[in-house]
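Topology and contacts: notes
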Amino acid sequence: MLGSRLGTLLRRSKAQILISQLKGSPRVSTNLSPLSPSRFTTSAPLEGCFLSKHSSFYAVKSIPKSLFGQYSRKMSTSMTLLNSNKAEITSSGLKLLVTKGPHAQKMVGIWLFSCAAWVFSLVVLGGVTRLTRSGLSMTDWKFTGGLPPLSEDQWVLEFQKYQKSPEYKRVNKGMSIEDFKFIYWMEYIHRMWGRGLGVVFALPFTYFVAKGYITRQLGLRLSGLFALGAGQGLIGWWMVKSGLEEPASEYVQPRVSPYRLATHLTSAFVIYCGILWTALSVVVPEPPNGSLSWVQGAAKVRKLAHPVSVLVGITAFSGAFVAGNDAGHAYNSFPKMGDSWIPDDIFSMEPLIRNFFENTSTVQLNHRILATTTLMSVGGLWLAARKIDLHPAIKSLVGSVLGMTALQVTLGISTLLTYVPVSLASAHQAGALTLLTFMILLAHTVRKPSPALLKSLASMPKSKA
């Protein structure tokens, strides 16, 4: 009781009266700053006094209560403000694509990311199929597909169909049936893997719609992506059919139309990017934030990232024409193209526009220029981002984009110098899609926050240094 009473008296700055009552000891200084520790100590030793053993305890005990009381009140006020702002965001400022709570959001997100990974693998498999010249091994097509040859007689029948194609007559004449089985299986797996994606997409989509997880906005977006996927099968057959026709000249190897191949590959890239962006929007409905300064920095990066993203997409599109024209086999040297920087025949076709899509020299030169420009642009984005106050996630993504761009350029040059081996060429195509993935991640991370989130950040009390 006595200790408690003395502590209370001391915290009320009446220690002078208490000490004088106990021992008549010297007076305590009270002219110091309220936060000074010496405010709670005597100006002379308190020999034999009860407070000489406990004065430091009551002094320390009194300081935190006074100071922490102020901070706790401020923190309580801030938390109340943040909670109210979060409630405002949820109720009015943010439109979620998935209803029924976090569990539904997680399930839909996992499904969409799985579909995106499936498309990624499908693009890589398609590249390997093209590089092994397997795409023209199946001379007919059914929308739903069918069983592969299961007997030797069936294999012979399929092989006879292939022997009538221009590719067999001009490129693979004399091929054994065992070699034919390899290219047939490559094309068959590629086609069935694409049809499998339709099942993986459609069945969960139907389930989530029935459960009421998917909003109208998300449902329309996913329906559009599903329609693109279904059309992709038709585009693929439209592409293959062009390679089954007799070439215009006997000196030209049969191959699919570069325009159709570019359409097929670009459509796959669009589907992939659409699914990935949607998956990110489901699981990350708001961009990373923490302060208005970071939001303003993200806006600056957004102005630079969008043009760079377009440039990355155009470069990937030009790569489709390099593949469609087999332009990687034209000039296997770098940085020069043969003995010159610019070949003499880059404008040899008429009309002029054809050179940019059909002339192997022009197509490869364009791809080189676009790839170099992309690397320089990403480097400029990285340098600019270093001078901007940014969320750590954005800084990390910008660095990842730069690293992936440098790796992709290295893969492209290596593929060219080694005469387009299947392994490096496939890695280069996968690298293009990986770089697009990083650009999608960056663009999604620096997107504009919702009005409610901006309002909440503006209303937060500014911290003092």
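Keep in mind that this is a model prediction, so the values were computed, not measured.

Side note on the overall build of the chain
The secondary structure content of the chain amounts to 15 helices and 0 strands. Burial statistics for the chain: of 465 residues in total, 40% are counted as buried. The contacts of the chain with a sequence gap of at least 6 include a subset with a gap of at least 24, amounting to 76%. Here the chain has roughly 25,400 Å² of accessible surface; of this, 64% comes from carbon and sulfur atoms.

Here's the deal with the packing of aromatic side chains
Two measures describe an aromatic ring pair: the distance that separates the ring centres and the angle between the ring planes. Applying the stated criterion across every chain, the model contains 26 aromatic pairs. Judged by centre distance (6.2 Å) and plane angle (25°), the ring pair of Phe201 and Phe205 falls under stacked. Taken together, the positions of Phe201 and Phe205, both in helix α7 (residues 177-211) and 4 residues apart, correspond to about one turn of that helix.

A few points about unusual backbone geometry
A cis amide bond links Phe334 to the next residue, Pro335, at an omega of 5°. Along the chain, Pro335 falls in the loop between α10 (292-324) and α11 (355-358). Cis geometry is found at the peptide bond from Glu350 to Pro351, where omega equals -5°. Positive phi, normally seen in glycine, also occurs at Asp326, with a value near 50°. Summarising the element assignment, Asp326 is placed in the loop between α10 and α11. In this structure Asp326 comes out as partly exposed when scored by relative accessible area, which is 26%. The phi dihedral of Val420 is positive, around 55°, even though this residue is not glycine. For Val420, the position within the fold is in the loop between α13 (392-417) and α14 (422-445).

Here we look at the nonpolar core
If you look at the biggest cluster of nonpolar residues, it comprises 67 residues, and the most contacted ones within it are Val108, Trp111, Leu112, Leu218, Leu222, Ile275 and Leu442. Sort the elements by how many residues they give to this core and helix α9 (residues 258-283) lands first, with 13 residues. The two domains that each donate at least three residues to this core are domain 1 (95-285) and domain 2 (288-464). Among residues more than four places away in sequence, those in contact with Leu218 are Leu97, Val98, Val108, Thr278 and Val282. Trp155, Tyr168, Ile183 and Tyr184 belong to the second-largest nonpolar core, a separate cluster that totals 11 residues.

Topic: the pattern of salt bridges
Pairing of side chains with opposite charge becomes possible as their charged atoms draw close. Counted under the stated rule, the structure contains 9 salt bridges. In this structure, the salt-bridge partner of Glu187 is Arg191, at a minimum N-O distance of 2.7 Å. With Glu187 and Arg191 both in helix α7 and 4 residues apart, the pair spans about one turn of that helix. Classification of Arg191 by relative accessible area gives buried; the value is 11%. With a shortest N-O distance of 3.6 Å, Asp326 and Arg255 are connected by a salt bridge. Of this pair, Asp326 sits in the loop between α10 and α11 while Arg255 sits in the loop between α8 (216-243) and α9, placing them 71 residues apart in sequence. Residues joined by salt bridges that share partners form a network here, namely Asp140, Glu158 and Lys161.

What about helix α12 (residues 360-386)?
Taking 1.5 Å as the rise per residue, α12 with 27 residues should run 39 Å; its terminal C-alpha atoms sit 39 Å apart, in good agreement. Near the N-terminus of α12, the side chain that reaches the backbone nitrogen of Ser361, with its oxygen 3.0 Å away, is that of Asn359.

Observations concerning a nonpolar patch on the surface
A surface patch of nonpolar side chains, about 390 Å² in accessible area, is lined by Phe347, Leu352, Ile353 and Phe356. Considering the arrangement of structural elements, one finds Ile353 in the loop between α10 and α11.

Describing the side chain of His444
Relative to the helices and strands, His444 is located in helix α14. Here His444 falls in the buried class, since its relative accessible area comes to 3%. Side-chain polar atoms of His444 contact the side chain of Ser281, separated by 3.1 Å.

What to know about the environment of Thr362
Turning to its location among the elements, Thr362 is positioned in helix α12. Residue class for Thr362 comes out buried when judged on its relative accessible area of 2%. Along the sequence, Thr362 and Val322 sit 40 residues apart, while their C-alpha atoms lie 9.6 Å from each other. What Thr362 contacts, discounting residues up to four positions off in sequence, is Ile346, Phe347, Asn355 and Phe356. A polar contact of 2.4 Å, which involves the side chain of Thr362, links it to the backbone oxygen of Ile346.

Observations regarding the UniProt feature "transmembrane region" (unreviewed entry) in the chain
Mapped onto this numbering, the UniProt entry gives "transmembrane region" (unreviewed entry) at residues 108-128, 192-210, 222-240, 260-284, 304-324, 365-385, 397-420 and 426-446. Each end of residues 222-240 is marked by a C-alpha atom, and these two atoms are 27 Å apart; helix forms 100% of the span and strand 0%. Between the first and last C-alpha atoms of residues 365-385 the distance is 30 Å; the span itself is 100% helix and 0% strand.

Structural notes on helix α4 (residues 102-131)
Taking 1.5 Å of rise per residue, 30 residues should cover 44 Å, and α4 covers 44 Å from first to last C-alpha, within 8% of that figure. The positive-phi residue at the C-terminal boundary of α4 is Arg133, with phi of around 55°.

Rules used in this analysis
- Residues numbered from 1 in each chain as written.
- Predicted model: local features only at pLDDT ≥ 70, side-chain atom pairs only at ≥ 80, totals over all residues.
- Heavy atoms only, no water.
- Helix = DSSP H or I, 4+ residues; strand = E, 2+ residues; numbered from the N terminus.
- Buried < 20%, exposed > 50% of the residue type's maximum accessible area, 1.4 Å probe, protein only.
- Contact = heavy atoms within 4.5 Å.
- Areas by Shrake-Rupley, 256 points an atom, 1.4 Å probe, with all protein chains shown as cover.
- Phe/Tyr/Trp six-rings, centres within 6.5 Å; stacked < 30°, edge-to-face > 60°.
- Core = buried A, V, L, I, M, F, W, Y, C linked by side-chain atoms within 4.5 Å.
- Domains from an automatic or database assignment.
- Salt bridge = Lys/Arg side-chain N within 4 Å of Asp/Glu carboxyl O.
- Expected span 1.5 Å × (residues − 1).
- Polar contact = N/O pair within 3.5 Å; in protein donor to acceptor, adjacent residues only side chain to side chain.
- Patch = residues over 30% accessible without salt bridge, like charges linked within 9 Å, V, L, I, M, F, W, Y side chains within 5 Å.
- UniProt positions renumbered as here; feature names shortened; annotations may be inferred.

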